[in-house]
Amino acid sequence: MPGTLYLVATPIGNLDDMPPRVAATFAAADFVAAEDTRVTLRLLNHLGLKKPLVSYYEHALHHGEAILARIEAGEDCALCSDAGMPCISDPGAVLVKDALDRGIRVVPVPGASACVTALAVSGQDTSRFVFEGFLPQPKKERRARLDVLRREPRTILLYEAPHKLRATLDDLVQTLGPDRSVTLCRELTKLHEEIVKTTLGAAAEHYRANDPRGEYVLVVAGAGPETAGEEVPLTRADVTAAARQLLEQGLSLSAAAKQAAAGTPFARGEIYKALLAEREAAPDEAGE
């Protein structure tokens, strides 16, 4: 009979927040799948437990097959992240999807989550919110994501590491404006917990003079009605994407560029050159 995959929430900082069911689940599990086995080993030592540990961090997800095979063979697995609820902005989500696809029983053992804890204490609107986790790092993807968030009317929840906080605040100021309200929550439930409600501009200025420390949750106010209703300007990438779809429908390069560029600020030749560059950069399918 197959075993069970337990999704075990761990304290986000203060070990006194450990729910009894969490400790009991770790004790009963045959093995533990951990984002970082070193972090989880300290937690298990705190509980006085010794359990086999296997890593599932992002660059070791090939271990997922071995984990699922062990569960199918009858072992119970406790899946946990470094802190908080696993699978939220966490590679464990891949394991859960694969487990459900294979008919494996998945049971949540809930507890604290940094994003919800920050939202509750933020003083921002909690009636509707969107969780964004970490912003993309590639510049093009980051700009695209921020442009969407500029018009997002719901409260926005973001995670950020201390060494990247300044750059993220600068990007948010540039995209959302310096007057947008934000609550910065760092080191939640820990000794140096800090919760500050301010504006993006003031936060960026503060951290230009002070070093960020600890892990941050940013709770950013949503866009007002005027910003949320703004018309989204077309970019060259948008028009090129439309031309690419026309190519797939059988139009020639020239015809696709002309039709896609019509009624936009971009010239047919500009879109034609972009399509041509994409075609030349693409691998030679015939030679693969």
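Conventions adopted
Residues numbered from 1 in each chain as written. Predicted model: local features only at pLDDT ≥ 70, side-chain atom pairs only at ≥ 80, totals over all residues. Heavy atoms only, no water. Helix = DSSP H or I, 4+ residues; strand = E, 2+ residues; numbered from the N terminus. Rg over C-alpha atoms; globule rule 2.2 N^0.38 Å. Buried < 20%, exposed > 50% of the residue type's maximum accessible area, 1.4 Å probe, protein only. Contact = heavy atoms within 4.5 Å. Areas by Shrake-Rupley, 256 points an atom, 1.4 Å probe, with all protein chains shown as cover. Lys, Arg positive; Asp, Glu negative; His and termini not counted. Charge placed at Lys NZ, Arg CZ, Asp CG, Glu CD. Pairing = 2+ DSSP bridges. Axes fitted to C-alpha atoms, helices over the stretch in contact; angles between N-to-C directions. Polar contact = N/O pair within 3.5 Å; in protein donor to acceptor, adjacent residues only side chain to side chain. pLDDT = per-residue confidence, 0-100. Parallel < 35°, antiparallel > 145°, perpendicular 65-115°, else oblique. Left-handed = near helix turned anticlockwise from the far one by under 90°. Nonpolar A, V, L, I, M, F, W, Y, C, P; charged D, E, K, R; others polar.

Participant: Would you mind going over the overall build of the chain with me for this structure?
Facilitator: Scanning the chain for helices and strands turns up 12 helices and 10 strands. The C-alpha radius of gyration of the chain comes to 24 Å, more than 25% above the 19 Å expected for a compact globule of 288 residues. With respect to the three principal axes, the spread of C-alpha positions in the chain is 70 × 55 × 30 Å. Counting only residues that meet the buried cut, the chain has 40% of its 288 residues in that class. Considering only residue pairs separated by 6 or more positions, the chain has 70% of its internal contacts joining residues 24 or more positions apart. Carbon together with sulfur atoms contributes 52% to the accessible area of the chain, which is approximately 15800 Å² in total. Each charge sign in the chain was given a centre, from 32 positive and 40 negative side chains, and these centres are 2 Å apart.

Participant: What exactly am I supposed to notice about the sheet that holds strand 5 (residues 105–109) here?
Facilitator: Strands belonging to one sheet form pairs held by backbone hydrogen bonds; the direction of such a pair is parallel or antiparallel. If you trace the 5 strands from one edge of the open sheet to the other, you get 3-2-4-1-5, paired in parallel fashion. Each edge of the open sheet is held by one strand with a lone partner, namely strand 3 (53–55) and strand 5. Averaged over all pairs of adjacent strands, the angle between their axes in this sheet comes to 25°, without regard to strand direction. Note: strand 1 (residues 4–8) against strand 5, 5 bridges, orientation parallel. Counted as the bridge partner of Thr4 is Arg105 from strand 5. Taken strand by strand, helix 2 (residues 37–47) contacts strand 2 (31–34), strand 3 and strand 4 (77–80), and its axis lies near 155° from that of strand 3. With respect to the sheet, helix 4 (residues 92–101) is in contact with strand 1, strand 4 and strand 5, its orientation differing from that of strand 1 by roughly 150°.

Participant: Looking at this model, I keep getting lost on the side chain of Thr183. Mind explaining?
Facilitator: Here Thr183 is to be found in strand 8 (residues 181–186). A polar side-chain atom of Thr183 sits 3.1 Å from a polar atom in the side chain of Gln124. Thr183 has contacts with Ser122, Gln124, Ile195, Val196, Lys197, Val217, Leu218 and Val219, leaving out every residue within four places of it along the chain.

Participant: Hey, could you run me through the confidence of the model for the chain in this one?
Facilitator: Any segment with low pLDDT has predicted coordinates that should not be analysed in fine detail. Per-residue confidence for the chain averages 89 on the pLDDT scale, and 92% of its residues sit at or above 70. Within the model, the stretch residues 284–288 combines pLDDT values under 50 with 1 contact to residues more than four positions away or in other chains.

Participant: Help me understand the packing of helix 10 (residues 236–248) against helix 11 (residues 253–261), please; the structure alone is not making it clear to me.
Facilitator: Helix-helix packing is described using two parameters, namely the angle between the two axes and the distance between the axes. At a closest axis distance of 8 Å, the pairing of helix 10 and helix 11 adopts a crossing angle of 135°. Here helix 10 is positioned oblique relative to helix 11, judged by the angle of their axes. For the crossing formed where helix 10 meets helix 11, the hand is right-handed. Where helix 10 abuts helix 11, its residues Val239, Ala242, Ala243, Leu246 and Leu247 lie against Leu253, Ala256, Ala257, Gln259, Ala260 and Ala261. Class assignment for the residues of the contact of helix 10 with helix 11 results in 10 nonpolar, 1 polar and no charged.

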